[in-house]
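Close look at the chain arrangement
Single-letter residue listing:
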Amino acid sequence: MAESFIMTQKNYDDLKKELDHLVKVKRPEIIERIAEARSHGDLSENAEYDAAREEQRSNEGKIAELEYQIKNADVRAEVKDNSYVHLNSVVKVLDEDMEEESVYTITSVTDVDVMHGKISVESPVGSALLKRKVGDKVNVPCPDGSYYTLKIISIG
């Protein structure tokens, strides 16, 4: 059974748009660069050809990844209710042990950006917070088998 990717309609549409760009715009550009590099003769010492082929491999890998995510998308309706944590919630939490507050946006795995606080609904923190309410304390598992506790301060 294939894994599913929980996402909103907007996430789904963004993936389709990115895939369309890679297939219809970037792929032909790369093919053109490969043809141009081939026209320069000896391919064994042609850095331009090697770079274009590497870019082609990377692009085709990204296309395959996006096709897989789109094929296995589990599109969820956007929820506007801020009484509990759900996909696209902005959650402010307090780590009482560290006495630190953090803000996370719970996103689809296809929209993760940890540097900007966007964490996956399937991550340890995201899944621990899911369906919880302000004031709830959640235990988040650590790789070593221990847990740490976060308290939900607000949901937006």
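Structure: above.
Residues numbered from 1 in each chain as written. Predicted model: local features only at pLDDT ≥ 70, side-chain atom pairs only at ≥ 80, totals over all residues. Heavy atoms only, no water.

**Quick look at the overall build of the protein**
Secondary structure assignment for the protein yields three helices and seven strands. Seen in sequence order, the protein has helices and strands lined up from the N terminus as β-α-α-β-β-β-β-α-β-β. Relative to its length of 156 residues, the protein is extended, with a C-alpha radius of gyration of 21 Å against a globular reference of 15 Å. Over its C-alpha atoms, taken along the principal directions, the protein stretches across nearly 70 × 35 × 30 Å. Surface summary for the protein: the accessible area is close to 9800 Å², and the carbon and sulfur share equals 51%. Placing the 21 positive and 31 negative side-chain charges of the protein at their respective mean positions leaves the two points 6 Å apart. (Helix = DSSP H or I, 4+ residues; strand = E, 2+ residues; numbered from the N terminus. Rg over C-alpha atoms; globule rule 2.2 N^0.38 Å. Areas by Shrake-Rupley, 256 points an atom, 1.4 Å probe, with all protein chains shown as cover. Lys, Arg positive; Asp, Glu negative; His and termini not counted. Charge placed at Lys NZ, Arg CZ, Asp CG, Glu CD.)

**Notes on helix α2 (residues 47-71)**
If you check α2, its first and last C-alpha atoms are 36 Å apart, about what 25 residues at 1.5 Å a residue would give, namely 36 Å. Within α2 the residues assigned to the buried category are Tyr49, Ala52, Asn59, Ile63, Leu66, Gln69 and Ile70. Lining the buried residues of α2 we find β1 (5-8), α1 (9-38) and β2 (73-76). (Expected span 1.5 Å × (residues − 1). Buried < 20%, exposed > 50% of the residue type's maximum accessible area, 1.4 Å probe, protein only. Contact = heavy atoms within 4.5 Å.)

**Structural notes on the pattern of salt bridges**
Under the defined criterion, the tally for this structure stands at ten salt bridges. For Glu101, the salt bridge is made with Lys92, and the minimal N-O distance between the two is 3.5 Å. Since its relative accessible area comes to 30%, Lys92 is described here as partly exposed. Each member of the salt-bridge network shares a partner with another, and the members are Lys26, Arg33 and Glu55. (Salt bridge = Lys/Arg side-chain N within 4 Å of Asp/Glu carboxyl O.)

**Things to note about the sheet that holds strand β3 (residues 90-95)**
Through backbone hydrogen bonds, the strands of a sheet pair up, either in parallel or in antiparallel fashion. Across the sheet, five strands lie side by side as β5-β4-β3-β7-β6; this open sheet has mixed pairing. The sheet is open, and its two edges are formed by β5 (118-120) and β6 (137-141), each paired on a single side. Neighbouring strand axes in the sheet, compared pairwise and without regard to direction, differ in orientation by 45 degrees on average. As defined by bridge partners, β3 adjoins strand β7 (residues 147-155) across five bridges and the pair is classed as antiparallel. Bridge pairing in β7 links Asp95 to Leu150. (Pairing = 2+ DSSP bridges. Axes fitted to C-alpha atoms, helices over the stretch in contact; angles between N-to-C directions.)

**Comments concerning α1**
Taking 1.5 Å of rise per residue, the 30 residues of α1 would be expected to cover 44 Å, and the 42 Å separating its terminal C-alpha atoms lies within 8% of that figure. Of all the bends in α1, the largest measures some 35 degrees and sits at Lys26, one to four residues before the proline Pro28. Asn11, Leu15, Leu19, Leu22, Ile30, Ile34 and Ala37 are the residues of α1 that are buried. Of the surrounding secondary structure, the elements contacted by the buried residues of α1 are β1 and α2. (Bend = angle between axes of the 7 residues up to and from the residue.)

**Observations regarding the packing of aromatic side chains**
This model, assessed by the stated rule, comprises one aromatic pair. With centroids separated by 5.8 Å and ring planes inclined at 85 degrees, the aromatic side chains of Phe5 and Tyr68 adopt a geometry described as edge-to-face. Within this pair, whereas Phe5 is found in strand β1, its partner Tyr68 is found in helix α2, the two being separated by 63 residues in sequence. Taking the relative accessible area as the measure of exposure, Tyr68 reaches 34% and is therefore partly exposed. (Phe/Tyr/Trp six-rings, centres within 6.5 Å; stacked < 30°, edge-to-face > 60°.)

Keep in mind that these numbers describe shape and distance, not what the molecule does.
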